[in-house]
Amino acid sequence: MELYNLKHPEQVVNFSQAVQLGLGKDRGLFFPSQIPTLTNVEQLLELPFAARSRKILGAWLADELGQDKVDQLVDAAFTFEVPLTAVDSKKACLELFHGPTLAFKDFGARFMAQCVNLLAGDKGLTILTATSGDTGAAVADAFYGLEKVQVVVMYPKGKISELQEKMFTTLGNNIHTVAVESDFDACQTLVKQSFDDNEVRDGLALNSANSINISRLLAQICYYFEAVAQARKLTDNDIVVSVPSGNFGNLTAGLFAKAMGLPIKRFIAATNSNDTVPRYLDNGQWSPNNTVATMSNAMDVSEPSNWPRAEIICQKMGWDLSLISGMKVTEQATSEMLKSLKQQGYQSEPHAAIAAYGLEQQLTAGEFGVFLGTAHPAKFKDVVDRELSVDLPLPKELEAVANKTVLSDTLNADFAVLKRYLFEKLS
């Protein structure tokens, strides 16, 4: 597999190098030189999830890693179910929260961890990542206890749910967590500054586990195929996928799936009040606002780093950007959609509710909507309980951490402070 740096196309790497580098020169995203197309999609849709995923990822990676290695990576990473649950006759939720940390990030993080474990050799490395909620838990769980890897997770202090925080800040060992006195975009900026600093990047052998790492995006392609495979059992209509969007890695994976030949008619990019992309799709102006805190906190991102990949996929495939419908969803609409889903017998949470609202507003005759359920409702128990006047029971994964002590250090959003902290903590 060959990839190039979107900012410096002359920088060309293979998959192994892209996984280990994370970002290219000048923070450039790596992008595949070719997107493989599948000629047997209909037959693939008949296969079980893991068996199909081996073939999908083999189309990308078998030439470099060998199909046997790809099979091993998939089998080690994808060990949980991916149910599609019908809400009504027009829409269903693809539940991506049945992994160990109850969030869709388990797919990408676990696959990336397996790739790093395979490719790192005898060299140690440091995973430095920022999270707006679920990435932290998924990455911490996936890399916990790996001897060659130190993990540093930064998150905006006080701006993720308590249970989200407990899932990755209570582990210790090789997992180090930092509460930053700012928002997610500031955390993401600190990550980028770290990769721009030669002393930090080379001295600590930095890698990133955010969705900027191509291995995470490839893993996420697989569940879009599963969505279509299961939706085919419910409908003959064209399939529209609504994606709750923050950093836009999830939507990018869906576009890769369509580019490979998956019959998805179009996408809805549903955001909360942090609506940079919906406004861009509407007026062609890229103008991020200050990040606004919302009840769908994992999507509180004003400068989504994956959007360049999404846009270039459309360019390479000759698709008009109208393939993607932007949808800003207010707090009031999110609350109302949560209640509407509950009345229909489906217990959801704010992020999935935003995606479901996008379908309610934009689905047309002859279409069937799939919205992505990106996290277990209990991960946002405080919000869900408040909005729906319920008392959600905790699944065992959350119950196990609810009373544990947070081990995080607190830092200001200052790169010099972070740099000093990293060398003191990890050297």
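Structure: see above.
Sequence order as written defines the numbering, with residues in each chain counted from 1. It should be noted that, the model being predicted, local features are given only for residues of pLDDT at least 70 and side-chain atom pairs only at 80 or more, the latter also being counted only at that level, while totals for whole chains, interfaces and linings use all residues. The side-chain figures draw on all heavy atoms in the structure; neither hydrogens nor water molecules are used.

*Asks:* Whenever I open this one, the pattern of salt bridges confuses me. Can you help?
*Replies:* Side chains that differ in charge, positive against negative, can pair when their charged atoms come close. A pair is scored as a salt bridge if a Lys or Arg side-chain nitrogen falls within 4 Å of a carboxyl oxygen belonging to Asp or Glu. As enumerated under the stated definition, the model contains 19 salt bridges in all. With a closest N to O distance of 3.7 Å, E181 and K157 form a salt bridge. Highlighted residues: E181 in the loop between β8 (175-180) and α8 (184-196) and K157 in the loop between β7 (149-156) and α7 (162-169), separated in sequence by 24 residues. When the shortest N-O distance is used, the salt bridge between K396 and E397 registers 3.3 Å. Segments assigned H or I by DSSP are reported as helices when at least four residues long, segments assigned E as strands when at least two residues long, and all are numbered from the N terminus.

*Asks:* In this structure, what is going on with the pairing of strand β1 (residues 2-5)? I would like to understand it.
*Replies:* Consecutive residues of a regular strand have side chains that alternate between opposite faces of the sheet. Relative to strand β2 (residues 12-14), β1 runs antiparallel, the two being bridged by three bridges. Counted as the bridge partner of E2 is N14 from β2. One requirement defines pairing of two strands: DSSP has to find at least two bridges between them. Count of turn residues in the β1/β2 antiparallel hairpin: six residues. In terms of strand pairing, β1 meets strand β3 (residues 30-32) through three bridges, oriented antiparallel. Note that in β3 the partner of L3 across the bridge is P32.

*Asks:* Explain the environment of I221 here, please?
*Replies:* With respect to the helices and strands, the residue I221 is situated in helix α10 (residues 214-231). C-alpha separation for the pair I221 and K258, spaced 37 residues apart in sequence, amounts to 9.0 Å. Contacts between residues were defined by any pair of non-hydrogen atoms, one from each residue, lying within 4.5 Å. Setting aside chain neighbours within four positions, we find I221 in contact with I56, W60, A253, F256, A257 and M260.

*Asks:* Just checking my understanding: could you explain the sheet that holds strand β4 (residues 84-86) for this structure?
*Replies:* Sheet strands pair via backbone hydrogen bonds, and the direction of the pair is either parallel or antiparallel. Ordered by their spatial adjacency, six strands build an open sheet running β4-β5-β13-β10-β11-β12, and the pairing between neighbours is mixed. Either end of the sheet is taken by a strand with one partner, and the two such strands are β4 and β12 (324-328). Averaged over all pairs of adjacent strands, the angle between their axes in this sheet comes to 25°, without regard to strand direction. Fitted lines through C-alpha atoms give the axes, limited to the stretch in contact for helices. The angle between two N-to-C directions lies from 0 to 180 degrees. Along the sheet, helix α11 (residues 249-260) makes contact with β10 (238-244), β11 (266-271), β12 and β13 (367-373), crossing β11 at roughly 180°. Contacts from helix α12 (residues 276-283) reach β11 and β12, with the element oriented near 125° to β12.

*Asks:* What is the right way to look at the side chain of N272 in this model?
*Replies:* For N272, the position within the fold is in the loop between β11 and α12. In protein, a polar contact requires one atom able to donate a hydrogen and another able to accept it; more generally it is a pair of N or O atoms within 3.5 Å, and residues adjacent in sequence count only if both atoms are side-chain atoms. A polar side-chain atom of N272 sits 3.5 Å from the main-chain carbonyl oxygen of M299. Contacts of N272, omitting those with residues within four sequence positions, involve T294, S296, M299, D300, K328, V329 and I354.

*Asks:* Please explain the packing of aromatic side chains as it appears in this structure.
*Replies:* For any pair of aromatic rings, the description consists of the separation of the ring centres together with the inter-plane angle of the planes. For Phe, Tyr and Trp, rings pair up if their centres lie within 6.5 Å, where Trp contributes its six-membered ring, and each pair is then called stacked (planes under 30 degrees apart), edge-to-face (over 60) or tilted (otherwise). Per the counting criterion, the structure on display carries 16 aromatic pairs. Ring geometry for F107 versus Y223: centroids 5.0 Å apart, planes at 65°, classification edge-to-face. One end of the pair, F107, is in helix α5 (residues 105-119); the other, Y223, is in helix α10, with 116 residues separating them in the sequence. Each of the two residues, F107 as well as Y223, counts as buried. With centroids separated by 5.7 Å and ring planes inclined at 85°, the aromatic side chains of F248 and W307 adopt a geometry described as edge-to-face. Here F248 is found in the loop between β10 and α11, whereas its partner W307 is found in helix α13 (residues 307-317), with 59 residues between them in sequence. A residue is classified by how much of its surface remains accessible, and F248, at 4% relative accessible area, is buried. W307 gets classed as buried once you look at its relative accessible area, which sits at 3%. In this structure an aromatic cluster arises from ring pairing among F49, F78, F80, F107, F111, Y223, Y224 and F267. Any Lys NZ or Arg CZ found within 6 Å of a ring centre and within 35 degrees of that ring's normal is scored as a charge over the ring. A cation over a ring is seen here: K258 above W319, with NZ or CZ 5.5 Å from the ring centre. Residue burial is assigned from relative accessible area. The probe radius is 1.4 Å, only protein chains are included, and a residue is buried under 20% of its type maximum, exposed over 50%, and partly exposed in between.

None of this, on its own, says anything about what the molecule does.
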